[in-house]
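Observations on the three-dimensional arrangement
The primary structure of each chain is shown beneath.
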Amino acid sequence: MPKSLVIVESPAKAKTIEKFLGKDFKVMASYGHVRALPSKQGSVDIAHDFEPRYHILPESRKHIENLKKEVSKSDELILATDPDREGEAIAWHLLEALGISEDGEFPLVKRVTFHEITRNAVRNAVENPGRISRNLVDAQQARAILDYLVGFNLSPFLWKKIRYGLSAGRVQSVALRLICEREKEIQIFVPREYWTLEALLGAEGKKEFTARLFAVDGRKLDKFAIGDGEQAQKLVEEISRENFVVTQLTRSEKKRNPAPPFTTSTLQQEASRKLGFAARKTMSVAQKLYEGVDVGQGLEGLITYMRTDSVTLSETALTDAREVITRLYGKEYALSKPRVYKTKSKNAQEAHEAIRPTTIGYTPEQVKPHLTSDQHRLYRLIWTRTVASQMAQAILDATSVDISAGERFLFRATGQVIRFPGFMKLYIEGTDDAEEKAEGMLPPLDEGQKLPCEKLDPEQHFTQPPPRFTEASLVKTLEEYGIGRPSTYASIINTLVMRKYVQLEKRTFYPEDVGMVVSDLLTGHFERYVDYDFTAKMEENLDAISRGEQSWQPVLRDFWEAFISLLRQKEQEVTKEDVTTEKTDRTCPKCEKPLVVKLGRAGKFLACSGFPECRHTEPLSSEEREEPVLSEEKCDKCGAPMLIKEGRYGKFLACSAYPECRNIQPLVKPKSLGIACPECKEGELMEKKSRYGKIFYSCNRYPKCKYALWDLPIPEPCPKCSFPLVVEKTTKRFGTVRKCPREGCDWNEVIAPPEKAPKEASAKGPSSKKTASGKKTASKKKTASEKAPSGKSAKK
């Protein structure tokens, strides 16, 4: 009989750890969180100092029962959940759910943490146990209660003022504001014209190079000094009569240092830039690398814990990195003394170590046969970044040349060449091609040397609006503001996309109409709570709680009293019409009453203000029907350019060779959800649009695999039948419900109850009754939405 029971979160982690411990240890999984605040009103007792009323999650009950049976046979209980606030909270919740006191004598409770799942790290942690940090638990508990208070009070407000099914979140709404405000900046941006003038210069037998007009009459030109083509052409005429002479050469040495090892945030950013990974996918793949992969010697973790704010490396890692650099690249690339980076995080308790390979000696090529493509690509990114952070500086020779054209005009050319690549031989942040830096090198030149001018080239430019946020730039901005925690960014981004607040196209965020309306409502009436500084200050308060510098109840009390007072005031002041209706200067063609802009399920549209007497509606864009726009896409059937056209169900791509070629394609390409197809096990589920504009989800191996769903798939196993995913659907009648899509399984769970009690069934049509499971019976015909969850094909 094992005398020690070890509990971790996941079966994969349990399987890896168990092989490192002896026969006296049994390792079991809690399968994630075991207790949470119920998704209903009253889960926090505000009157009794914000006392949370937790319940054991339905899907965790059988796991808790199994753990209780096993712990009754064990002398000691070892809690080995993740080394952060969330892991600490899970450990505490496990004791509460199991009814065990940490101070009791049987079983003896121990808390262990390790930042890498390797034999030495696990054994060392077990030999040096500690206690649950109540400060970290309180910080996580405060966060959960705070998010509950915002979500379960602000979301119903949105239901009343906009439409049912919307949600607001403490950090989610701030991220949405960032995206929407950037979109407004783009909409009001007015491009400004400016010109530059470059001279193509050369000498006999030497490489040509370009120099840009830098100064006129001794005054440096600013960006808008040459404002139009006429001015540029006048300068060309004047300069073309002059001789070009090198007047000054400046040479300098530049040194570049490598980027620090990865934190959670920088890993998400770089994986997005270089690998095209969504933040959620990055964390999912990293989780698998952390929990353990068999690389020929049994299961072992390949990277350290992937939720960290630290950029420090352990002494062992620094020694290993130096040995690997010397062996693979030579002594000149290794450092005599390790390069030390400073962690920016204020929370020292959680700043453990950067994300790095557990064994730096495992090169990406060595582990490649044992990893999936995504795992190998992410491991390679982590390995190269870690090793490069301990390589020698790159040394570049920079040259600046001033060239006079007569007495009035001064041109300047700059270039640089890599003298010693150092870390750039292996890795450069943001780009993988170090040779691009060498393209700007200049030919050998001497002061006083005359240069023939081959060409004067005036070029027109226009200022560009600020770029829309990508996943990488949004994560970077959130971190710079101190908003949220890097470990939560993936779920925040996913929520914005799933709620249809934003659309993610080519890794760029475009706000939807409903997202703009929600953001405007929250910014206009709850500005303090979606303010960047306020949200960052709240994160600082949570950090202070985790360090034991502050109690959690006063933080919640200060927040709640002002928040609920404002919410009650706005419930009386704000009307739905104020939020969802905009006046126009147009009149209805049927009844001549004013037309207004309304917000519908598919976005904004024009409607008669005389509704319901007059039901006239028209698309918002009908005032100015746009001509088809030439796209950058080529027809995959005939090679002709594709046009962007607008049809009944929105914009789409159509071949410009119509009617000879009738090829059409969706403008918005199918979007990967990062969820494996449960039927063929080879493909992954994609979000697509049907021919009628309705969203559905199907396998990317279609037509080989015809698995499809109408409802949103969630990558969580069914608690009843263990089917690898469940689906989520929000309706006005039943609220937000999760259910198993497997035919024959009736599991379902209400996530958010409906706003109002459902109305009586219509007298028309066949009668139907709602069962306790939320499904209908006695209906003569199943709809497509009822068929698809059973795993059958949805019409495309």
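Residues numbered from 1 in each chain as written. Predicted model: local features only at pLDDT ≥ 70, side-chain atom pairs only at ≥ 80, totals over all residues. Heavy atoms only, no water.

1. Observations concerning the overall build of the protein chain
To be explicit about the condition: Only DSSP runs of H or I with at least four residues qualify as helices, and only runs of E with at least two residues qualify as strands; both kinds are numbered from the N terminus onward. In this description, contact between two residues means that some pair of their heavy atoms is separated by no more than 4.5 Å. Note that accessible areas follow from Shrake-Rupley with a 1.4 Å probe, and for residues the cover is restricted to the protein chains shown.
Each helix and strand counted, the protein chain has 19 helices and 38 strands in total. Counted over contacts in the protein chain with a minimum sequence separation of 6, partners at least 24 positions apart contribute 65%. A total accessible area of about 41,200 Å² is found for the protein chain, and carbon and sulfur atoms account for 48% of it.

2. A word on the pairing of strand β23 (residues 603–608)
Filter applied, for reference: Pairing between strands requires that DSSP locate at least two bridges from one strand to the other.
Sheet topology note: the strand β22 (residues 594–600)/β23 ladder contains six bridges and is antiparallel. In the sheet register, Leu599 faces β23, and the bridge partner there is Lys604. In sequence, β22 turns back onto β23 through a hairpin of two residues.

3. Re the environment of Leu396
Mapped onto the elements, Leu396 comes out in strand β15 (residues 394–405). A C-alpha to C-alpha distance of 8.0 Å links Leu396 and Pro421, two positions 25 residues apart in sequence.

4. What to know about the sheet that holds strand β21 (residues 581–587)
The pairing of strands in a sheet comes from backbone hydrogen bonds and takes either a parallel or an antiparallel form. The cut-off we apply is this: Here the axes come from fitting lines to C-alpha atoms, over the contacting stretch only for helices, and the angles between their N-to-C directions go from 0 to 180 degrees.
Taking strand neighbours across the sheet as the criterion, the four strands line up as β21-β22-β23-β24 in an open arrangement whose pairing is antiparallel. If you trace the sheet from one side to the other, it starts and ends with β21 and β24 (617–619), each paired once. Neighbour to neighbour, the strand axes of the sheet diverge by 35° on average, direction disregarded. In this sheet, β22 lies alongside β21 in antiparallel orientation, the contact comprising four bridges. Looking across to β22, one finds that Glu582 is bridged to Val597.

5. Here we look at the environment of Phe462
Selection rule: Note on exposure labels: buried denotes an accessible area under 20% of the residue type's maximum, exposed denotes more than 50%, and partly exposed covers the range between, all computed with a 1.4 Å probe on protein chains only.
Position of Phe462 relative to the elements: it lies in strand β18 (residues 453–462). In this structure Phe462 comes out as partly exposed when scored by relative accessible area, which is 39%. Along the primary structure Phe462 and Tyr194 are separated by 268 residues, whereas in three dimensions their C-alpha atoms are 6.0 Å apart.

6. Structural notes on the packing of aromatic side chains
The condition that has to hold: Only rings of Phe, Tyr and Trp enter the pairing, Trp through its six-membered ring, and a pair is recorded when the two centres are within 6.5 Å. The plane angle decides the type: under 30 degrees is stacked, over 60 is edge-to-face, the rest tilted. By definition, being over a ring means that NZ of Lys or CZ of Arg is both within 6 Å of the ring centre and within 35 degrees of the ring normal.
In this structure the tally under the stated criterion is 17 aromatic pairs. Put simply, the rings of Tyr529, Phe534, Phe559, Trp560 and Phe563 pair up and form one aromatic cluster. Positioned above the aromatic ring of Phe214 is the side chain of Arg412, whose terminal nitrogen or guanidinium carbon lies 4.0 Å from the ring centre.

7. A short note on the pattern of salt bridges
Working definition: two side chains of opposite charge can pair if their charged atoms are close together. Short version of the rule: Within this document, salt bridges are pairs made up of a side-chain nitrogen of Lys or Arg and a carboxyl oxygen of Asp or Glu, the two lying within 4 Å of each other.
Throughout the structure, instances matching the rule amount to 40 salt bridges. Across the pair Glu76 and Lys110 runs a salt bridge whose closest N-O atoms are separated by 3.0 Å. In this pair, Glu76 sits in strand β7 (residues 76–79) while Lys110 sits in strand β8 (residues 108–111), placing the two residues 34 residues apart along the sequence. Overall, Glu76 belongs to the buried group, its relative accessible area being 12%. Among the salt bridges present, the one from Arg547 reaches Glu549, with a minimum N-O distance of 3.0 Å. By relative accessible area, which is 55% here, Glu549 ends up exposed. A cluster of three or more residues bridged by salt bridges with shared partners is formed by Arg85, Asp309, Arg485 and Asp543.

8. Quick word on the packing of helix α8 (residues 264–275) against helix α13 (residues 471–481)
Definition in use: Comment on the angle field: the value is read as roughly parallel under 35 degrees, roughly antiparallel over 145, roughly perpendicular from 65 to 115, and oblique elsewhere. In this scheme the crossing of two helices becomes right-handed for a clockwise turn of the near helix relative to the far one and left-handed for an anticlockwise turn of less than a right angle. Any residue that is not Ala, Val, Leu, Ile, Met, Phe, Trp, Tyr, Cys, Pro, Asp, Glu, Lys or Arg is counted as polar, Gly included; the first ten are nonpolar and the last four charged.
For the pair α8 and α13, the least separation of the axes is 8 Å and the interaxial angle reads 160°. By the angle between their axes, α8 is roughly antiparallel relative to α13. Note on packing geometry: the crossing formed by α8 with α13 is left-handed. Contact with α8, carried on its side by Ser265, Gln268, Gln269, Ser272 and Arg273, involves Glu471, Ala472, Val475, Lys476 and Glu479 of α13 and no other residues of that element. For the contact of α8 with α13, a count of residues per class yields two nonpolar, four polar and four charged.

9. Section: the pairing of strand β31 (residues 695–699)
Counting buried residues along β31, four of its five residues qualify, which places the element largely inside the surrounding structure. Pairing of strand β30 (residues 684–689) with β31 involves five bridges; the strand directions are antiparallel. By the bridge assignment for β31, Met686 is matched with Ser698. Here β31 runs beside strand β32 (residues 708–709); their pairing, made up of two bridges, is antiparallel.

10. Concerning the sheet that holds strand β34 (residues 726–731)
Taken in spatial order, the four strands line up as β33-β34-β35-β36 in an open sheet, and their pairing is antiparallel. Either end of the sheet is taken by a strand with one partner, and the two such strands are β33 (712–714) and β36 (748–752). Neighbour-to-neighbour, the strand axes of the sheet open up by a mean angle of 30°, direction not taken into account. Pairing geometry for strand β35 (residues 735–739) and β36, over four bridges, is antiparallel. By the bridge assignment for β36, Arg738 is matched with Glu749.

11. Side note on helix α3 (residues 85–98)
Rules: One less than the residue count of a helix, multiplied by 1.5 Å, gives the span that helix is expected to have.
Spanning 14 residues, α3 covers 20 Å between terminal C-alpha atoms, matching the ideal 20 Å at 1.5 Å per step. In terms of residue burial, α3 counts as a mostly covered element, since twelve of its 14 residues are buried. Among the residues making up α3, those that are buried are Arg85, Gly87, Glu88, Ala89, Ile90, Ala91, Trp92, His93, Leu94, Leu95, Ala97 and Leu98.

12. Some details on the environment of Cys721
Topologically, Cys721 is positioned in the loop between β33 and β34. In the structure, Cys721 is positioned 23 residues away from Gly744 in sequence and 9.7 Å away in space, judged by C-alpha atoms. The residues touching Cys721, leaving out its near neighbours within four places in the chain, are Cys740, Arg742 and Cys745.

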